[in-house]
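# Close look at the chain arrangement
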Amino acid sequence: MARYVTVAAAVTMERARLREFLRSPVAPPSTRPGSDWTGLCDAWPDEALRRRYRAELPAALAECDRWIEGDHAALLHGLDEDGGLTLRHDGSTGALAVDFDTRVDFELPGLIWALTALRGLADAMAGEDTGLVELTADWSGGTVLLHLAPKRSAFLDPDRDAAALARARDAAFDARLAACEADEDAEAGEVLDRLRT
């Protein structure tokens, strides 16, 4: 039976830095310390699933590394070809909204891959740039929350990080509103090509 993840991200960043992100090669997930990925394992309500994901993490990172090639624009174009990508951008505010659904054949590597598609945004951010990525999986009731900031991406725990999450959600709401109003009728591929050049 096919399983799917849904990813929704809202980001605010200067266009030149967004272009830098799109043109940059996708870093293999294992280039980040394993501790940078444990928040992905701990986000689920089922304790058995959390334990299983923690045990599988090193092998899942290695598996996902084999799937990574090219730059971020190519990765996003691939999602667009599958028909699962929505992309909106407002040039005046730097707001970007990204949404996609993707099939997952291997649970944990698939989750890592889906977040790797956007985690590199943090590497191109500077100043007041910010973003929030929310990932849901159709096999679990949990939601993974990844906060993006200049040179930093961190998983948020809704209980422990409530204040930071509230700020991130407010900023994400504003970014999504601005982006969706600006690019309402554009195809994702058109938006990607415009931002990349």
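Up top is the structure these notes are about.
Here the structure is a predicted model, which means the values were calculated and not measured. (Residues numbered from 1 in each chain as written. Predicted model: local features only at pLDDT ≥ 70, side-chain atom pairs only at ≥ 80, totals over all residues. Heavy atoms only, no water.)

This part takes up the overall build of the chain. Scanning the chain from N- to C-terminus turns up 8 helices and 6 strands. In the chain, the order of α-helices and β-strands from amino to carboxyl end is β-α-α-α-α-β-β-α-α-β-β-β-α-α. Whereas a compact globule of 197 residues would reach a radius of gyration of roughly 16 Å, the chain reaches 16 Å, a difference of no more than 12%. On the principal axes, the C-alpha backbone points of the chain span a range of 45 × 35 × 30 Å. Restricting to contacts in the chain with at least 6 residues of sequence separation, those with at least 24 account for 76%. For the chain, the accessible surface area stands at approximately 9400 Å², while carbon and sulfur atoms represent 49% of it. (Helix = DSSP H or I, 4+ residues; strand = E, 2+ residues; numbered from the N terminus. Rg over C-alpha atoms; globule rule 2.2 N^0.38 Å. Contact = heavy atoms within 4.5 Å. Areas by Shrake-Rupley, 256 points an atom, 1.4 Å probe, with all protein chains shown as cover.)

Here we come to unusual backbone geometry. Residues other than glycine seldom take positive phi values, yet Lys-151 does so here, at roughly 60°. Topologically, Lys-151 is positioned in the loop between strand S5 (143-149) and strand S6 (152-155).

A few words now on the layout of surface pockets. Empty space among the atoms can be located by rolling a probe the size of a water molecule over them. Roughly 290 Å³ of volume is contained in the largest pocket. Gly-39, Phe-155, Leu-156, Asp-157 and Arg-160 are the residues nearest the centre of the largest pocket, which is lined by 19 residues in total. At the level of secondary structure, the elements contributing two or more residues to the lining of the largest pocket comprise helix H2 (38-41), S5 and S6. When the residues that make up the lining of the largest pocket are grouped by side-chain class, the tally is 7 nonpolar, 6 polar and 6 charged. The volume enclosed by the second largest pocket comes to roughly 150 Å³. Where the lining of the second largest pocket is concerned, the elements lending two or more residues are helix H1 (15-23), helix H5 (107-119) and helix H6 (121-124). (1 Å grid on protein atoms, 1.4 Å probe; cavity = no way out; pocket = protein on both sides within 12 Å on 5 of 7 lines; lining within 4 Å. Points joined across faces, edges and corners; volume = space filled by probe spheres on them. Nonpolar A, V, L, I, M, F, W, Y, C, P; charged D, E, K, R; others polar.)

The next point concerns the nonpolar core. Grouped together as the largest cluster of nonpolar side chains are 55 residues, with contacts concentrated most on Leu-40, Trp-44, Phe-100, Leu-111, Ile-112, Leu-115 and Leu-118. Setting aside anything within four residues of it in sequence, one finds Ile-112 in contact with Pro-29, Trp-37, Leu-40, Leu-57, Ala-60, Leu-61 and Cys-64. Core analysis: the next-biggest nonpolar cluster, separate from the first, contains 11 residues, Ala-97, Leu-145, Leu-165 and Ala-179 among them. (Core = buried A, V, L, I, M, F, W, Y, C linked by side-chain atoms within 4.5 Å. Buried < 20%, exposed > 50% of the residue type's maximum accessible area, 1.4 Å probe, protein only.)

Here we come to the packing of aromatic side chains. Working definition: an aromatic ring pair is given by the centre-to-centre distance plus the angle between the planes. Evaluation of the coordinates by the stated rule reveals 3 aromatic pairs. Their ring planes at 50° and their centres at 6.3 Å tell us that Trp-37 and Phe-155 sit as a pair that is tilted. Here the residue Trp-37 occupies a position in the loop between H1 and H2, and Phe-155 occupies one in strand S6, the gap between them amounting to 118 residues. Residue Trp-37 is classed as buried on the basis of its relative accessible area, which comes to 0%. (Phe/Tyr/Trp six-rings, centres within 6.5 Å; stacked < 30°, edge-to-face > 60°.)

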